[in-house]
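Tertiary structure, described
Read off the chains here:
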Amino acid sequence: MAQDEMNGLQRVAAALTFGKPDRVPGAPLVCGASHRFSGLSYGEWSQCTDVDAMVQGHVDALDFIGHDGVVMLVDLTVEAHAFGCEVKFPEMNTAHPNYDDPFLKSYKDYKKIQRIDPRKTQRMKGVIELTAGLSKQIGGTHAIVGFVYGSIGVLSMMRGPEAFFMDLLEHPAEVMEAVEVVDEVLIEYAKAQLEAGAHAICYDHLYASQSILSKELWEKVEGNSVKRVTDVVHKAGALVAFHNCGNGIYFDMSEKWGKPHAISHAYVADDVDSWEEHKAKWGGKIGTIGWIPPGPVAMLGTPEEIEEECKAEIEIFAPGAGFVLSTGCEFPPNAPLRNAKRIVEAAKKYGVYK
Amino acid sequence: MATKEKEQELIKRLQDAIINYKVADAKKIAEEAVAAGADAYTVTMEGLAGGMEVVSEKFDSHEYFVPETLLCAKALYAALDVLKPHIKLQAGGVARGQVVLGVMQGDVHDLGKNIIKAIFEASGWTVHDLGRDVPLKRFVEEQLKTDSDIVMLSAMMTTSMVGIKKLIPMIKEKNPKVKIMIGGAPITEKTVEEYGADITADNAPNALKEAMKMLETLRKGKAA
C-alpha cells in the first residue's frame, strides 16, 4: 500500500475539482454512526445538546476509520424541527417527525411557516457549532462538508410526505409560498456553516429523482431553491455537492440549477443505464461520491464482498479523478464500524493514482 | 338494475376519473353506479382495478410518479368507500388473496406501503394494514388471526430492516406456508436470501405481480 502524499482535505478537494489527487479519497458517510464514539446514545446525539461530545465523536471516528472527510448531517429533521415541527428522538433509531400530529395539518397551514434565524435556533445552531468545533480540530486536514436538507424535503417533514406530494399538484401556490420562506432560511444556514469552517455544502435534493417526482415537477418546485442556495456557496468559493439516494437521479437538472462539483448518489442518472455509461456521460462534468450500497454491502457485506465492491467501483470511476469512494447513502448508524474502515483501506489499496 | 351498456359507460367514466386523478368525479360516478343498480363488484373490478392497472403501467414507465399515483389512489378510495358496502363476491367467483402489510418497528416511512395498499385493494385483495412502526408480534398475530396468504414487510432504514431477520422465523414458526415479501430502500436480493424471505419487489406494480404468482403457487399447493 503506497504512502499517502496528501491529507484528506487536499485529496477530496483535488478529486472533486478534477485535479490530481494522490489516490481516490475514502469517505463513507459516517454521520450518525459517530455517536458510537461519543458516549452519547443515538437519541442524545441527534438532539445536538452536547456539541463537544459530538465533535470528539467525529474526531475519534476519524482516528479509527481514517476517512478523508466528514459530513455535517445529523438527520433530516434538523431544519423542520427548527421551524417548529415536533420531532421524536428514539434512543437507538433515527429521529423523525411526529407524523401522527404533523406540524402542517392542512395545506392552509403553509402560511404559518415563519422565517427563523438558523444561528439561534435549536439544532441548526448545534450543527453550526459542531462545524466550528470540527473546523478547529480537523479543518486543516480533513474535508468538512456542511449539510442542508432541501426546501421541499424540509416541507415534506413538516406536512408528512404523502400529504405534501399531493399538495404539490393540488395546492401548488400555497406550497411555493412556503418554499420561498424556507429558501431564505437555508441560504442563511449554508452561509453560517461556511463561516463556521465548512469547505463545502451538500444540498440534499432527495426528490430530484425518478423515485419521487417527475423532472418537470421537480424543476418547477425546487429548481430555483437549489439555485438560490448554491449561488451563495459558489460565491463563497466553496465546493457544492448534492446528495440524492433516489433511483434515476436528474443529473441534467442538478447541473442546470446548481452546477455542483459532485453528487453523492446510490444509483445512476436517469439518462443512462449502467455505471459505465454514467461515468462516460457524467464522469467528466460532475464528480461521483458513492455508491457502495449501505444495506447489503456496508452493513451486511463480508470483508471480501466489501473489498470486491470497492475495487470494482474504483476501476470504473477513478480514471480522471472526480470520484470519492463512499457509501451511496449514510453509512448505517448500526453497521459494524470496521466495515467503514475496510472501505477506506480499499481506497488506499486500489485507488492510488500512478 | 343498470343495463349492460349503462354499466359499461359507468365503468369507463370511473376508469378515466381514476387515471386522471379526479377525486370528486370518482366519488360521484360511484354514487351514480349504486343508484343505477349497477353490480358493485363488476364496477369495482373493471372500473377501479382497471383504472389502477393503467396507473400502475404509467408509474412503471415513469409517466406517473409518486404525487400522481397518490392522487389516483385518493380517487380510488373515494369511489371504493361508496361501492364497498354494495359488493358481494359473485357466486363461483374466486377471491384474490389476503395480505398483512406494515412498516417495521422503529420506522415511520409509510409512503411505499400506502401505494402498495391502494394497488392491492384495487385488484381485489384484502389488505390488513397494520400501519407504521409496527411491533414485531403484531405481524405474527395478524397473520394468524386472518390466515393471510402473504405478509408484506416494509423497511426504509437499516435500523428497522434488521427487525425483519428476527420477525421472519417468528411468522414461519407459527405458519410455515405463509409467504413473506419484503421491500424498501435498503432491501435487496441479498437481504431476501440472508433474512429468509421469499421475495422482494422494487415497486408496487411488481409487488402485485409477484404476489399473484405466490398466490397461485399457494393455491396449487392446497389443491394438490
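The structure we're discussing is the one just above.
Anyway, here's the lowdown on the structure attached to this text. Computed from a predicted structure; not experimentally measured.

Concerning the overall build of chain B
- When helices and strands are tallied, chain B shows nine helices and five strands.
- Along the chain direction, N to C, the helices and strands of chain B fall in the order α-α-α-α-β-α-β-α-β-α-β-α-β-α.
- For 224 residues, the compact-globule estimate of 2.2 N^0.38 gives 17 Å, and the C-alpha radius of gyration of chain B, at 18 Å, lies within 12% of that figure.
- Its C-alpha atoms put chain B at 55 × 40 × 25 Å along the principal axes.
- Residue pairs at least 24 apart in sequence account for 76% of intrachain contacts in chain B once pairs closer than 6 positions are excluded.

Description of helix α3 (residues 51-65) of chain A
Residue and element names in this part refer to chain A.
- Look at α3: 21 Å from first C-alpha to last across 15 residues, which is about the 21 Å you get at 1.5 Å a residue.
- Buried residues of α3: Met54, Val55, Gly57, His58, Ala61, Leu62 and Ile65, and no others. Within α3, the buried residues cover an arc of 160 degrees as seen down the axis, which keeps them to one side. Among the exposed residues of α3, those oriented more than 90 degrees off its buried face are Asp52 and Asp63.
- The elements touched by buried residues of α3 are α2 (42-47), β1 (69-71), α5 (122-138) and α14 (337-350).
- Remark: glycine 66 follows α3 within two positions and exhibits a positive phi of approximately 85 degrees.

Section: the pairing of strand β5 (residues 200-204) of chain A
Residue and element names in this part refer to chain A.
- Of all five residues in β5, five are buried; the element is thus mostly enclosed.
- On β5, burial covers both faces: Ala200, Cys202 and Asp204 on one face and Ile201 and Tyr203 on the other are all buried.
- Direction of pairing for strand β4 (residues 143-149) relative to β5: parallel, over a ladder of five bridges. Across the sheet, residue phenylalanine 147 finds its bridge partner in β5, namely cysteine 202.
- The pairing of β5 with strand β6 (residues 239-244) spans five bridges and is parallel. Residue pairing across strands places aspartate 204 opposite histidine 243, the latter belonging to β6.

Topic: the interface of chain B and chain A
- Contact with chain B, which involves 22 residues of that partner, is made by 26 residues of chain A.
- When residues of the side of chain B that touches chain A are traced back to their parent elements, those giving at least two are α4 (66-83), α5 (111-122), α7 (158-174) and α8 (189-195) of chain B.
- With five residues, the single largest contributor to the side of chain B that touches chain A is α4(B).
- Partitioned by chemical class, the residues of the side of chain B that touches chain A number twelve nonpolar, seven polar and three charged.

As for the environment of Arg132(B)
Residues and elements named next belong to chain B.
- Following the sequence through the fold, arginine 132 ends up in the loop between β2 (126-129) and α6 (136-146).
- The class of arginine 132 is buried, set by 23 C-beta atoms lying within 10 Å.
- Along the sequence, arginine 132 and isoleucine 115 sit 17 residues apart, while their C-alpha atoms lie 13 Å from each other.
- If sequence neighbours within four positions are ignored, arginine 132 has contacts with Val103, Asp107, Val108 and Asp110.

So, how was this worked out
- Residues numbered from 1 in each chain as written.
- Chains lettered and ligands numbered in written order.
- Predicted model: local features only at pLDDT ≥ 70, side-chain atom pairs only at ≥ 80, totals over all residues.
- Helix = DSSP H or I, 4+ residues; strand = E, 2+ residues; numbered from the N terminus.
- Rg over C-alpha atoms; globule rule 2.2 N^0.38 Å.
- Contact = placed C-beta atoms within 7 Å.
- Expected span 1.5 Å × (residues − 1).
- Buried ≥ 20, exposed ≤ 12 C-beta atoms within 10 Å, placed from the backbone.
- Arc of directions from axis to C-beta.
- Pairing = 2+ DSSP bridges.
- Nonpolar A, V, L, I, M, F, W, Y, C, P; charged D, E, K, R; others polar.

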